[in-house]
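As a plain string of letters, each chain reads:
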Amino acid sequence: MTWRSALVTGGSSGIGAALALELGSMGCEPVLVGRDAGRLAAVARRSSGRALVADLTDPAGLDRVAAAAAETDLLINNAGLGCAAPLSAMSDELVDELVALNLTAPLQLTRAALPGLARRGGQVGFVSSIAVVGVRQEAVYAATKAGLRAFAASVAHEGVPVTTVFPGVVDTRFFDRRGAYTRRRPRPVPPERVAHVLLRALAEGTAEVFVPSWLGFAARAQGALPATFHRLARRFG
């Protein structure tokens, strides 16, 4: 699979930056979306890409990114925000921000890009999370990522190939705002690994991939035996 251009949200660091660098090495021009102009410009230089500074939780910013997404061969919805806290302790504003960035923005960008992607034989990639199985003190985050999974599976019926990656814990700046990671498993993996697995899965036309791969068994166990899964999760989490 050859992509001439790709739009990657959350491109200033972590998985998004790793995606940009690998895409650039393949001869693809990445359009990198993010809020940190300095970090975004640095990644754009290293990947021979283009920076697009925008806030995806702001309607005007989302509109500008949607226009750019409509012109690319590959859209990767990667931007995300986490929060580790009891649901009752979360503010209305924080709930709205998580939903806007993690779920509404990918829905709107994909909707805008879909006609052009279908004409050009393009693809859509999503970065979800193993949190789709349900995670203690991450109710809103898990809900947005589960919604993303259902959305991706549904969009796949609309004429454009779709691939979703479900990482476990990734060693990125994500935890600077979410809060420190304190669980024993899964262990953090480098963002480059997630980026490589996603791009390979896109090239191969694989619908869903997990990083590390054994998390796929956990997801299937949750689907088949939810009560048993969550009882064990409470015991060993």
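Our subject in this report is the structure included herewith. The structure displayed is predicted, hence computed values, not measured ones. (Residues numbered from 1 in each chain as written. Predicted model: local features only at pLDDT ≥ 70, side-chain atom pairs only at ≥ 80, totals over all residues. Heavy atoms only, no water.)

All right, on to the side chain of T9 then. Mapped onto the fold, T9 is located in strand β1 (residues 5–9). At 2.9 Å, the side chain of T9 forms a polar contact with the backbone nitrogen of A79. Not counting residues within four places of it along the chain, the set of residues in contact with T9 comprises V33, L56, I76, N77, N78, A79 and L109. (Helix = DSSP H or I, 4+ residues; strand = E, 2+ residues; numbered from the N terminus. Polar contact = N/O pair within 3.5 Å; in protein donor to acceptor, adjacent residues only side chain to side chain. Contact = heavy atoms within 4.5 Å.)

The full count for this structure, using the stated rule, is six salt bridges. Residue D73 pairs with R4 through a salt bridge whose shortest N-O separation is 3.3 Å. A residue pair is termed long-range when its members are at least 10 positions apart, and D73 in the loop between α3 (59–69) and β4 (74–77) and R4 in the segment before β1 qualify at 69 residues. Given a relative accessible area of 60%, R4 falls into the exposed group. Residue D73 pairs with R120 through a salt bridge whose shortest N-O separation is 3.5 Å. (Salt bridge = Lys/Arg side-chain N within 4 Å of Asp/Glu carboxyl O. Buried < 20%, exposed > 50% of the residue type's maximum accessible area, 1.4 Å probe, protein only.)

All right, on to the pairing of strand β5 (residues 123–127) then. Burial analysis of β5 places five of its five residues in the buried class, the great majority of the element. Burial along β5 is two-sided: Q123, G125 and V127 and V124 and F126, pointing in opposite directions, are all buried. Two elements, β4 and β5, share four bridges in a ladder whose sense is parallel. Bridge pairing in β5 places L75 opposite V124. The parallel pair β4 and β5 is bridged by helix α4 (residues 92–120), and the resulting crossover is right-handed. Alignment of β5 against strand β6 (residues 162–167), held across four bridges, turns out to be parallel. Bridge assignment links G125 to a residue of β6, and that residue is T163. Handedness of the β-α-β unit built from β5, helix α5 (residues 139–155) and β6 comes out right-handed. (Pairing = 2+ DSSP bridges. Right-handed = clockwise from strand over helix to strand, strands pointing away.)

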